[in-house]
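Structural features, examined
Residues per chain are reported as follows:
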Amino acid sequence: MDSTIDYEKLKLFYIGKQKVENSFVPLVYKNKDLLTHAAIIGMTGSGKTGLGISLLEEAAIDNIPSIIIDPKGDMTNLLLTFPNLQGSDFEPWIEEQDAQNNGQTLKEFAINTANLWKTGLENDFQNSSRIEKLKNSADFTIYTPGSDAGVQISILSSFKAPSKEVLEDNDLLISLVNSTVSSILSLIAEQNDSSSKESILISSIFMNYFTQSKDLTLEELITLIVTPPFAKIGIFDLETFFAQSERLKLALKLNTIIANPSFKTWIEGETLDISNLLYDENGKAKVSIFSIAHLNDSQRMFFVSLLLNQMVSWMRRQEGTTSLKALLYMDEIFGYFPPNANPPSKQPMLTLLKQARSFGIGIILSTQNPVDIDYKGLANIGTWFIGRLQTKQDKEKVIDGLSSANEGNLDKDEIMNLISSLEKRNFILKNINENGIKIFQTRWALSYLKGPIPKDGIKKLMSNKRTNSSSKKEEKNEDTITQINIEKGISKPIITSNLNEKYLYGSQNSAYYLQPYLICSCDIHYINSTKNIDLETTETCKIYLDEEMKNINFDEKEEVENSNFETKERPNSHYYELPTFIQSEKELKTIEKDFVDYIYRNSKLTLYKNDELKLTSKQNESLGDFKIRLQDRLNEKIDLEVEKLQTKFQKENDSIENKLSKLYEKLEREEQQATSTTTDTIISIGTSILGAFFGKSSTATTLGKVATSARGATKILKEKNDVKYVQNEINQLEEQRNSLKTMLENEIEKINSTNLSSNFPIEELFIKPKRSDIYNVKLELLWQEQL
């Protein structure tokens, strides 16, 4: 590779090489074209994984984050990056059997593999510096839901109430709820038809909570199935529609999942928050790989559906953008997007394919099973990468889908012949943003393509992140666990005050030991007309009560993490003593007043702003989402300024290309023999890169003329003095081209460095409530089980 070429500076992905005449030239792809989504289709051994990883590598180098669903385990190879290209780097990841099959020791085979990678990179215009750039460009994390092999991800926080934008779109809300319910029922092999009474009941519970903007955990859901928060479904009373004994059976089925000791790995770890999966706190892109190969089919469907629904909900909170802000990649879509079935994953994926483009999200879907794909849904895909296919049925299915996506403007016989003659690592590229089709060979991957990495390998790769996660969890437990002497339990104290009592049980034990807490809550209304803020929130906290306490210190308040309170005590409940002021109405009134004072002094709505970009956060926008929106605005600025550069230098580039083409044609008429591959390669690379930048990457005609003519140039000039002046003109034009490329790269580098997010500091803006905007103040007594 020409070391002066930085594809990312020109917003180009280098994905392979294209044969022009007898030479190979780099094939580049505008990253913005992924806004129309992409599909990679090819049989096992076609090079499909290598192409997918190459696309993700290019995105990471461009600081574009990716969320990757990895059902087979291949995409974890993105973490096997070895810039030194030493055999010792590869050795831990090589199978001993592979070395034995090649008659080599493990060390010998590792050295040969390192040399193979080095040669492969060099043959594809690359070197180890690109591996170093990839390794440093993004933060790579492997998440393993339902396992502690990688970084754990918690799903109990995944039933979050959808955003305001989703709640206001009734069709989308219903679709999201139906998909979520269907995925839950699939976990227990229950009929997940949306017309079943199980589905209707659970959907009604979700709708009841979501429309009140309340989150719902799986534990809460199980309890609510037995005692729903409503008395009727449709026109029938609850008991007639779904008897309590039958509801209990359904709840017990779901409870067996939670009761299973292995399920705790589903509820520990980071929350499934899309914003946090895209960028770290320093604005560095994340590559978040969800490895789910260890899960069974129903668990995979459950998790994939949850993740896709979270993507939909997060997406709808974003502002529209014309820049590529993130990628969603699924390595094997088979079974998740079928033509004649409706699994829980299908509807959210279809929603993303239809709407994600407007929000700057590109989707890449990959499969080796073309027959089992809904090609009507894939009509929203603009780029098709088609590799080797085995059966005629597979080929015909792909061609039909390709024709549908391209409104039938394709020669089906030509495509059929091309697919049939493809070699390994060769793909047909049809990009709706360009004319015609291309055939190219995928570039050598920067990552070592080992194949699926087992759990032990994932543990090794994620050892540091798992250690950090465990440390944080231990710190949290030390901060939050209160040491209780369980022998101290007594019968329930008599409450003489008008304090409402609630109960929070966390087990199904034969005896319960309940610690008292005072729950304090109020509603707060934040108003600021100039900032377009009109937000009502509820502040709720709990305070640990001890019989020795004389007063309440609100600085020691704790968050209420689980609000699934019961109103009646269970048998065999034992209680701890209360402080005396709980029995005094007068003291409770004082506490209530003190609570209002505390809220007035300490509560504030925090907004974020950047004056230079004239951006202020919305009232429900987190800091993470605001940072992403700020980055979107900067990306749009960069795209706009780069487009101005294209317009500015378009004529100059066209003039150079036309003059070069004519000069080489003149030489071609004199001589057809090739004598200089070096000249050929340099000219071809320059032509292909600048051609792609100026929007001419679809035409190979100019490349062909340049490459063919260049091959004879040196020999002619040696034999014919009368054409020496042509060489001088060519040299001058090549110098102009190099100067143009250098100027463009410098200008784009200046644009990128000027628009770094670090140059646009985020300031905090606080809105305080008036005392009159604090209302509905309430004190309650909570008896919480100590586990």
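If you look the protein chain up in an unreviewed UniProt entry, it shows as YjgR domain-containing protein from Arcobacter defluvii.

1. Re the overall build of the protein chain
Helix and strand content of the protein chain: 24 helices and 24 strands. Looking at the protein chain as a whole, 53% of its 787 residues are labelled buried. Contacts in the protein chain between residues far apart in sequence, at least 24 positions, make up 77% of those at least 6 positions apart.

2. Concerning the packing of helix 1 (residues 48-61) against helix 5 (residues 128-137)
The interhelical angle for the contact between helix 1 and helix 5, taken along N-to-C directions, is 70°, at an axis separation of 8 Å. Relative to helix 5, the element helix 1 is oriented roughly perpendicular. Here helix 1 runs over helix 5; the crossing is left-handed. On helix 5, the residues touching Glu57, Glu58, Ala60 and Ile61 of helix 1 are Arg130, Lys133, Leu134 and Ser137. Partitioning the contact of helix 1 with helix 5 into residue classes produces three nonpolar, one polar and four charged.

3. Topic: the nonpolar core
In summary, soluble globular proteins display a tendency toward joint burial of nonpolar side chains. Grouped together as the largest cluster of nonpolar side chains are 151 residues, with contacts concentrated most on Phe206 and Phe385. Here Phe385 is in contact with Ile15, Tyr29, Ala38, Ala39, Ile40, Ile41, Leu51, Leu55, Phe427, Ile428, Leu429 and Phe440, once residues within four sequence places are set aside. Formed by 37 residues, the second largest nonpolar core is a distinct cluster that contains Ile543, Ile599, Leu607 and Leu781.

4. So, the sheet that holds strand 22 (residues 615-616)
Spatially, the three strands line up as an open sheet ordered 22-21-23, and their pairing is antiparallel. Strands at the two margins of the open sheet, each flanked by one partner only, are strand 22 and strand 23 (763-767).

5. Things to note about helix 14 (residues 297-317)
With 21 residues, helix 14 extends 31 Å between its outermost C-alpha atoms, agreeing within 8% with the 30 Å of an ideal straight helix rising 1.5 Å per residue. Burial within helix 14 is extensive, with 17 of its 21 residues counted as buried.

6. Description of the environment of Asn342
Looking at the element boundaries, Asn342 is found in the loop between strand 11 (326-330) and helix 15 (346-355). In this structure the C-alpha to C-alpha distance between Asn342 and Asp193, which are 149 residues apart in sequence, comes to 9.3 Å.

7. Some details on the pairing of strand 4 (residues 66-70)
For strand 4, a buried count of five out of five residues is recorded, marking the element as mostly surrounded by other parts of the structure. Of the two faces of strand 4, the one holding Ser66, Ile68 and Asp70 and the one holding Ile67 and Ile69 are both buried throughout. Where strand 4 and strand 10 (residues 286-291) come together, five bridges link them in parallel fashion. Following the sheet pairing, Ile69 is matched in strand 10 by Phe290.

8. Some thoughts on the pairing of strand 14 (residues 426-431)
Along strand 14, six of the six residues are buried, which leaves the element largely enclosed by surrounding structure. Here strand 14 shows no split at all, with Asn426, Ile428 and Lys430 on one side and Phe427, Leu429 and Asn431 on the other all buried. The pairing of strand 13 (residues 383-386) with strand 14 spans four bridges and is antiparallel. Each residue of the ladder has a partner; that of Thr383, found in strand 14, is Asn431. The turn linking strand 14 back onto strand 15 (residues 437-442) is made up of five residues, and Gly436 within it adopts a positive phi angle of 75°.

9. Considering the pattern of salt bridges
Applying the stated criterion across every chain, the model contains 27 salt bridges. Of the charged contacts, one joins Glu780 and Lys502 as a salt bridge, the two residues approaching to 3.0 Å between their closest N and O atoms. Residue Glu780 is found in strand 24 (residues 774-785), and its partner Lys502 is found in strand 16 (residues 500-504); the two are separated by 278 residues along the sequence. This pair shows no difference in class: Glu780 is buried, exactly as Lys502 is. Via salt bridges that share partners, Glu57, Glu58, Arg130 and Arg443 belong to a single interconnected network.

10. Here we look at the side chain of Ser175
Along the chain, Ser175 turns up in helix 7 (residues 170-187). What makes Ser175 buried here is its relative accessible area of 14%. The contact partners of Ser175, leaving out residues within four places of it in the chain, are Gln347 and Thr351.

11. Examining the sheet that holds strand 2 (residues 23-30)
The strand order 2-1-15-14-13-3-12-11-4-10-5 describes an open sheet built from eleven strands, whose pairing is mixed. Pairing within the sheet leaves two strands with one partner each, and these edge strands are strand 2 and strand 5 (139-143). Pairwise comparison of adjacent strand axes, ignoring direction, gives a mean angle of 25° for this sheet. As judged from the five bridges shared by strand 11 and strand 12 (residues 361-367), these two strands associate in the parallel manner. If you follow Tyr329 over to strand 12, its bridge partner there is Ile364. The strands touched by helix 17 (residues 412-420) within the sheet are strand 13, strand 14 and strand 15, with strand 15 carrying the most contacts at an inclination of about 10°.

12. What about the environment of His574?
One can find His574 in strand 20 (residues 573-575). The spatial distance from the C-alpha of His574 to the C-alpha of Gln515 is 8.9 Å, given a sequence separation of 59 residues.

13. What about the confidence of the model for the protein chain?
Per-residue confidence for the protein chain averages 85 on the pLDDT scale, and 88% of its residues sit at or above 70. Scored below 50 in pLDDT, residues 475-488 shows 13 contacts in the model against residues more than four places distant or in partner chains. Counted against residues more than four places away or in other chains, residues 705-718, with its pLDDT under 50, gives 42 contacts.

14. Some points on helix 4 (residues 106-123)
Along its 18 residues, helix 4 runs 26 Å from first to last C-alpha, staying within 8% of the 26 Å computed at 1.5 Å per residue. Among the structural elements, helix 2 (87-90), helix 3 (96-101) and helix 5 are those in contact with the buried residues of helix 4.

15. Quick word on the state of the cysteines
Covalent bonding between the sulfur atoms of two cysteines is what defines a disulfide. Overall, the coordinates contain zero disulfides when judged by the stated rule. Free of any disulfide, Cys520 has its nearest cysteine sulfur in Cys541, 4.8 Å distant. With relative accessibility at 0%, the residue Cys520 sits in the buried group. A residue is classified by how much of its surface remains accessible, and Cys541, at 2% relative accessible area, is buried.

What counts, and at which threshold
- Residues numbered from 1 in each chain as written.
- Predicted model: local features only at pLDDT ≥ 70, side-chain atom pairs only at ≥ 80, totals over all residues.
- Heavy atoms only, no water.
- Helix = DSSP H or I, 4+ residues; strand = E, 2+ residues; numbered from the N terminus.
- Buried < 20%, exposed > 50% of the residue type's maximum accessible area, 1.4 Å probe, protein only.
- Contact = heavy atoms within 4.5 Å.
- Axes fitted to C-alpha atoms, helices over the stretch in contact; angles between N-to-C directions.
- Parallel < 35°, antiparallel > 145°, perpendicular 65-115°, else oblique.
- Left-handed = near helix turned anticlockwise from the far one by under 90°.
- Nonpolar A, V, L, I, M, F, W, Y, C, P; charged D, E, K, R; others polar.
- Core = buried A, V, L, I, M, F, W, Y, C linked by side-chain atoms within 4.5 Å.
- Pairing = 2+ DSSP bridges.
- Expected span 1.5 Å × (residues − 1).
- Salt bridge = Lys/Arg side-chain N within 4 Å of Asp/Glu carboxyl O.
- pLDDT = per-residue confidence, 0-100.
- Disulfide = S-S within 2.5 Å.

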